[in-house]
Amino acid sequence: MPERISVAGGELASLDLFDGVETARLGPLTELLSSRDYGAGEVLLRQGERGTTFMIVLDGAVAIHRTLGAVVTDLGRAERGAILGELSAITGEPRRASVVAASPVRVAIGGRRSFDALLAIPGVIGQLRALAARRLAEIATTVPVDLGHEPAIVLRPILAHDHDQVAAAIRSQPQEWIYSRFFSGGMPSNAIVDYLTHVDYLRHFAWVVARAETLEGVAIGRYIRLREDPNTAEVAFGVRDDLRGSGLGTLLLGALAVAATYAEIDRFHAETLHENRAMQQVLKKAGAHWAFGDSGLMETTFAVADARSVIPDAVASALGAVAKEIVTGAGLAPRFPL
Ligand SMILES: CC(C)(COP(=O)(O)OP(=O)(O)OC[C@H]1O[C@@H](n2cnc3c(N)ncnc32)[C@H](O)[C@@H]1OP(=O)(O)O)[C@@H](O)C(=O)NCCC(=O)NCCS
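Residues numbered from 1 in each chain as written. Predicted model: local features only at pLDDT ≥ 70, side-chain atom pairs only at ≥ 80, totals over all residues.

Participant: Tell me about unusual backbone geometry, residues and numbers included.
Facilitator: A negative phi holds for most residues other than glycine; trans holds for most peptide bonds. A positive phi angle, near 60 degrees, is found at Glu 264, a position not held by glycine. Tracing the backbone through its elements, the reader meets Glu 264 in the loop between helix H9 (248–262) and strand S14 (267–272). For Glu 264, a count of 16 C-beta atoms within 10 Å gives the class partly exposed. One non-glycine residue with positive phi stands out, namely Ala 330, at about 60 degrees. Among the secondary structure elements, Ala 330 is positioned in the loop between helix H12 (313–327) and helix H13 (332–335). According to the C-beta neighbour criterion, Ala 330 is buried, with 22 such atoms within 10 Å. (Helix = DSSP H or I, 4+ residues; strand = E, 2+ residues; numbered from the N terminus. Buried ≥ 20, exposed ≤ 12 C-beta atoms within 10 Å, placed from the backbone.)

In structure tokens form, the structure reads like this:
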């Protein structure tokens, strides 16, 4: 056990995590935390170990990595203000990644009671829910899906580092494709590509279909909850031009429905051009009825449960195993709704 050295309230108040929180509100948490110093190269958290303590980095930087068989995946660095070990604190499950000091590091350490005190601080649950969803997406395994024809494919959640690949893929599509997808002729701005790739998995979720061999992305399907009705989400798809018509749109529709079910989304909404028969046909498989909307586009709203049935049960359950934790923020979302 680390030697108990108290953490000063002011030290926590200056962290971005507690931006806008009065120092007095941090009192109960501060009293329960202790601090500890680590030398560069020391292990703060070890993958596979059980433990419900969490840490807040007060100074220095740490490197996070995950090992699967012989493959070590670098999950980036975290610095002052970062929370570590929160997934085990939430779920009680073994650590899913290892954290090593990349420089001399000082952290605040807490256990279950401190974690409850942390969750009670205004604004923190939202940040933790988003952090848990992002970390789970980053470590998610790819799901192989056998559509019975080439190329062999896998599905995985979209990640922020897909940005450049997505921008390049859109740029290489024909004009008609870009118009069908974005209802405008020009290449979407960098800000829009950012929006499409930096998703929070709770309000906005996206699956990437990638070739199994090269892991090159070939299609994306996403849903975005409607602000005015969070149980309804708008869906959109993009399948690389040379692979259109090979069932990927249908697969993505079913895959989105699997994720949406865990996110308590009941209905999907979609809009498309009158001439986009392929899009209309894919959604008709889920019972969608299309009609002209006020915008001049074709619109439809249909049940997520019907969309779920367009893919085989075995595929749905494999996808569900990956999606469930992510779209619920490791279970924080249902306990503390958006
Ligand atoms: C729309 C899109 C996502 C559909 O994905 P996809 O992988 O091609 O779809 P699928 O292969 O699963 O299914 C396509 C269905 O449309 C049918 N279809 C294709 N073109 C058609 C047409 N001109 N008329 C009628 N049906 C058509 C296919 O026969 C197939 O139906 P089936 O399975 O009953 O035979 C894809 O074509 C695409 O990315 N288009 C460009 C971007 C876009 O339009 N996005 C949608 C707006 S958000």
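Participant: Explain the site of the ligand residue by residue, including any values.
Facilitator: Surrounding the ligand, one finds 21 residues, the nearest of these being Ser 180, Gly 249, Thr 250, Arg 277 and Gln 281. At the level of secondary structure, the elements contributing two or more residues to the shell around the ligand comprise helix H7 (175–182), strand S13 (229–239), H9 and helix H10 (277–284). Per-element tally for the shell around the ligand: the top contributor is H10, with 5 residues. A breakdown of the residues in the shell around the ligand according to their chemical character gives 8 nonpolar, 10 polar and 3 charged. (Near = placed C-beta within 6 Å. Nonpolar A, V, L, I, M, F, W, Y, C, P; charged D, E, K, R; others polar.)

Participant: Any details on the packing of helix H6 (residues 163–171) against helix H8 (residues 190–197)? Residues and values, ideally.
Facilitator: It is the contact of H6 with H8, at a shortest axis distance of 9 Å, that shows an interaxial angle of 120 degrees. Considering their axes alone, H6 and H8 lie oblique with respect to each other. Note on packing geometry: the crossing formed by H6 with H8 is right-handed. Contact residues: H6 offers His 163, Val 166 and Ala 167, while H8 offers Val 193, Asp 194, Leu 196 and Thr 197. Among the residues forming the contact of H6 with H8, the class breakdown is 4 nonpolar, 2 polar and 1 charged. (Axes fitted to C-alpha atoms, helices over the stretch in contact; angles between N-to-C directions. Parallel < 35°, antiparallel > 145°, perpendicular 65-115°, else oblique. Left-handed = near helix turned anticlockwise from the far one by under 90°. Contact = placed C-beta atoms within 7 Å.)

Participant: Account for the pairing of S13, with residues named and values stated.
Facilitator: Sheet topology places strand S12 (residues 217–226) next to S13; 8 bridges connect them, and they run antiparallel. Paired with Ile 224 across the bridge in S13 is Glu 234. The antiparallel hairpin formed by S12 and S13 contains 2 residues in its connecting segment. Taking the sense of rotation as the criterion, the β-α-β connection linking S13, H9 and S14 turns out right-handed. (Pairing = 2+ DSSP bridges. Right-handed = clockwise from strand over helix to strand, strands pointing away.)

Participant: So what about the sheet that holds S13? Which residues, and what values?
Facilitator: Taken in spatial order, the 8 strands make up an open sheet running S9-S10-S11-S12-S13-S14-S16-S15, and their pairing is mixed. One side of each edge strand has no neighbouring strand; the edge strands of this open sheet are strand S9 (143–145) and strand S15 (291–292). Pairing between strand S11 (residues 204–211) and S12: 7 bridges, direction antiparallel. Bridged to Phe 205 within S12 is Tyr 223.

Participant: Tell me about the nonpolar core, residues and numbers included.
Facilitator: In terms of nonpolar packing, the biggest core is built from 91 residues, with Leu 84, Leu 252, Ala 255 and Leu 256 touching the most fellow members. With 10 residues, H9 is the largest single contributor of residues to this core. Among the domains, domain 1 (9–122) and domain 2 (143–335) are the pair contributing at least three residues each to this core. (Core = buried A, V, L, I, M, F, W, Y, C linked by C-beta atoms within 7 Å. Domains from an automatic or database assignment.)

Participant: I'd like to hear about the domain arrangement of the chain, residue by residue, with values.
Facilitator: Split into domains, the chain comes out as domain 1 (9–122) and domain 2 (143–335). For domain 1 versus domain 2, the distance between C-alpha centres works out to 34 Å.

Participant: Tell me what's going on with the sheet that holds strand S5 (residues 71–78), and back it up with residues and numbers.
Facilitator: Within a sheet, adjacent strands bond to each other through the backbone by hydrogen bonds, running parallel or antiparallel. An order of S2-S7-S4-S5 is seen for the 4 strands of this open sheet, with the pairing classed as antiparallel. The strands lining the two open edges of the sheet, one partner per strand, are strand S2 (43–45) and S5. Strand-to-strand, the axes of this sheet are offset by a mean angle of 30 degrees, without reference to chain direction. Two strands pair when backbone bridges link them, and strand S4 (residues 62–68) and strand S7 (residues 98–101) are joined in this way by 4 bridges, in the antiparallel orientation. Residue pairing across strands places Val 62 opposite Ala 101, the latter belonging to S7.

Participant: Could you give an account of the pairing of S5, with specific residues and numbers?
Facilitator: Along any regular strand, the residues point their side chains to alternate faces of the sheet. Judged by how many residues are buried, S5 sits mostly at the surface: 0 of 8 residues are covered. Pairing geometry for S4 and S5, over 6 bridges, is antiparallel. Looking at S5, one finds that Val 62 is bridged to Ala 78. Where S4 folds back on S5, the antiparallel hairpin that results is connected by 2 residues, among which Gly 69 adopts a positive phi of roughly 60 degrees.

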